[in-house]
Amino acid sequence: DAKTTQPPSMDCAEGRAANLPCNHSTISGNEYVYWYRQIHSQGPQYIIHGLKNNETNEMASLIITEDRKSSTLILPHATLRDTAVYYCIVRVDTSGTYKYIFGTGTRLKVLA
Amino acid sequence: KAGVTQTPRYLIKTRGQQVTLSCSPISGHRSVSWYQQTPGQGLQFLFEYFSETQRNKGNFPGRFSGRQFSNSRSEMNVSTLELGDSALYLCASSSRVLAGGTDTQYFGPGTRLTVL
């Protein structure tokens, strides 16, 4: 199964862009990258996902390298409410079904 | 549209007992997955149910089991509880319309199980 590697923690100033990196060097060609965040032991909240192309939605942007071995989640203007643990996940598809393989996550702290 | 609901939210049991946790998916979602979250092991996949059939299973002992009903609601059961089973148990649902499609899992708030 593909695994992800993330820095354990990061700080970001409020109002600045938060760039969260993720390494998934063993990812296979049909495996999607998903990002979720978890605030204080609540259920993880979906942020964004992608396969090959860069993606953007109202919450964030996802930049995936051309070789797909790494990606970066960008929160364009971080607020205090963005303080959370961010998980980079590879979705492993097997025989018509799939499962999420969670990494250890990055604890992002947004500073006032 | 209501989100994923899990009951109970908190549970305290003693070693050797068994427990049943319940999950109601988002209306229209047919796939339900279960995860265990502990400080030491992080978030780990338990199993996935789709149309009342277990489609995928993680690396957990047979004490962990689940089922899904015709209305897509799901339950998971843990028998002969051990101290190490103390965790946050999370349920996630997805529409799972297309095999291999880009459907997204939406998580519930979790059930916090404490084993004494």
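Bear in mind the structure is a predicted one, so any value in this text is a computation, not a measurement.

1. Things to note about the overall build of chain B
Tallying secondary structure elements over chain B gives zero helices and 11 strands in all. Counted from the first residue to the last, chain B has its helices and strands arranged as β-β-β-β-β-β-β-β-β-β-β. Against the compact-globule benchmark of 13 Å for 116 residues, chain B has a radius of gyration of 14 Å, which places it among compact chains. Principal-axis analysis of the C-alpha atoms places the extent of chain B at approximately 40 × 25 × 25 Å. In chain B, which comprises 116 residues, the share counted as buried stands at 50%.

2. Section: the state of the cysteines
All names here are of chain A. Inspection of every chain in the model, using the stated rule, returns two disulfides over all chains. Covalent S-S linkage joins C22 and C88, the inter-sulfur distance amounting to 2.1 Å. Handedness of the C22-C88 disulfide follows from its S-S torsion of about -80°: it is left-handed. Here the residue C22 occupies a position in strand β2 (residues 18-23), and C88 occupies one in strand β8 (residues 84-94), the gap between them amounting to 66 residues. Judged on exposure class, the residue C22 and its partner C88 are both buried. The thiol sulfur of C12 is not disulfide-bonded, and the nearest other cysteine sulfur, from C22, lies at 18 Å. Given the relative accessible area of 7%, C12 is considered buried.

3. Examining the nonpolar core
With 23 residues, the main nonpolar core has W35(A), L73(A), Y86(A) and L108(A) as its most contacted residues. If you list the elements that add at least two residues to this core, you get β2, β3 (32-38), β4 (45-50), β6 (61-64), β7 (70-75), β8 and β10 (106-111) of chain A. Counting residues per element, this core draws most heavily on β8(A), which supplies five residues. Setting aside chain neighbours within four positions, we find L73(A) in contact with A18(A), N19(A), L20(A), W35(A), I47(A), I48(A), A60(A), S61(A) and Y86(A). By size, the runner-up hydrophobic cluster in this structure holds 21 residues, among which are V4(B), L21(B), F64(B) and M76(B).

4. Some words on the interface of chain A and chain B
On the chain B side, the residues contacting the 20 residues of chain A number 24 residues. Summing the contributions of chain A and of chain B, the shared interface buries around 1800 Å²; its carbon and sulfur component is 49%. Inspection of the chain A/chain B interface yields zero salt bridges. Summed over the shared surface of chain A and chain B, the result is four residue pairs in polar contact (both at pLDDT 80 or more). Residue assignment for the side of chain A that touches chain B shows that the elements contributing at least two residues are β3, β4, β8 and β9 (97-102) of chain A. Examining the composition of the side of chain A that touches chain B, we find that five residues originate from one element, β9(A), more than from any other.

5. Concerning the sheet that holds β6(A)
Residue and element names in this part refer to chain A. Strand order in the open sheet formed by four strands is β2-β7-β6-β5, and the pairing between neighbours is antiparallel. A strand with exactly one partner marks an edge of an open sheet, and here the two such strands are β2 and β5 (55-56). Across two bridges, the pairing between β5 and β6 is antiparallel. Within β6, the residue paired with T56 across the bridge is S61.

6. Structural notes on the pattern of salt bridges
All chains considered together, the criterion is met by five salt bridges over all chains. Residue R37(A) pairs with D82(A) through a salt bridge whose shortest N-O separation is 2.7 Å. Linking R37(A) in strand β3 with D82(A) in the loop between β7 and β8, this pair joins segments that are 45 residues apart in sequence. A single burial state applies to R37(A) and to D82(A), both of which are buried. With a shortest N-O distance of 3.3 Å, E75(B) and R67(B) are connected by a salt bridge.

7. Describing the sheet that holds strand β3 (residues 19-24) of chain B
Two modes of strand pairing occur in sheets, parallel and antiparallel, and in both the strands are linked by backbone hydrogen bonds. All names here are of chain B. If you trace the four strands from one edge of the open sheet to the other, you get β1-β3-β8-β7, paired in antiparallel fashion. The open sheet has two free edges, formed respectively by β1 (5-7) and β7 (64-68), since each of these has just one partner strand. Going from strand to strand, the sheet's axes swing by 20° on average, the running direction of each strand aside.

What counts, and where the lines are drawn
Residues numbered from 1 in each chain as written. Chains lettered and ligands numbered in written order. Predicted model: local features only at pLDDT ≥ 70, side-chain atom pairs only at ≥ 80, totals over all residues. Heavy atoms only, no water. Helix = DSSP H or I, 4+ residues; strand = E, 2+ residues; numbered from the N terminus. Rg over C-alpha atoms; globule rule 2.2 N^0.38 Å. Buried < 20%, exposed > 50% of the residue type's maximum accessible area, 1.4 Å probe, protein only. Disulfide = S-S within 2.5 Å. Core = buried A, V, L, I, M, F, W, Y, C linked by side-chain atoms within 4.5 Å. Contact = heavy atoms within 4.5 Å. Buried area = accessible area lost by both parts, 1.4 Å probe. Salt bridge = Lys/Arg side-chain N within 4 Å of Asp/Glu carboxyl O. Polar contact = N/O pair within 3.5 Å; in protein donor to acceptor, adjacent residues only side chain to side chain. Pairing = 2+ DSSP bridges. Axes fitted to C-alpha atoms, helices over the stretch in contact; angles between N-to-C directions.

Shape is all these values report; function is a separate question.
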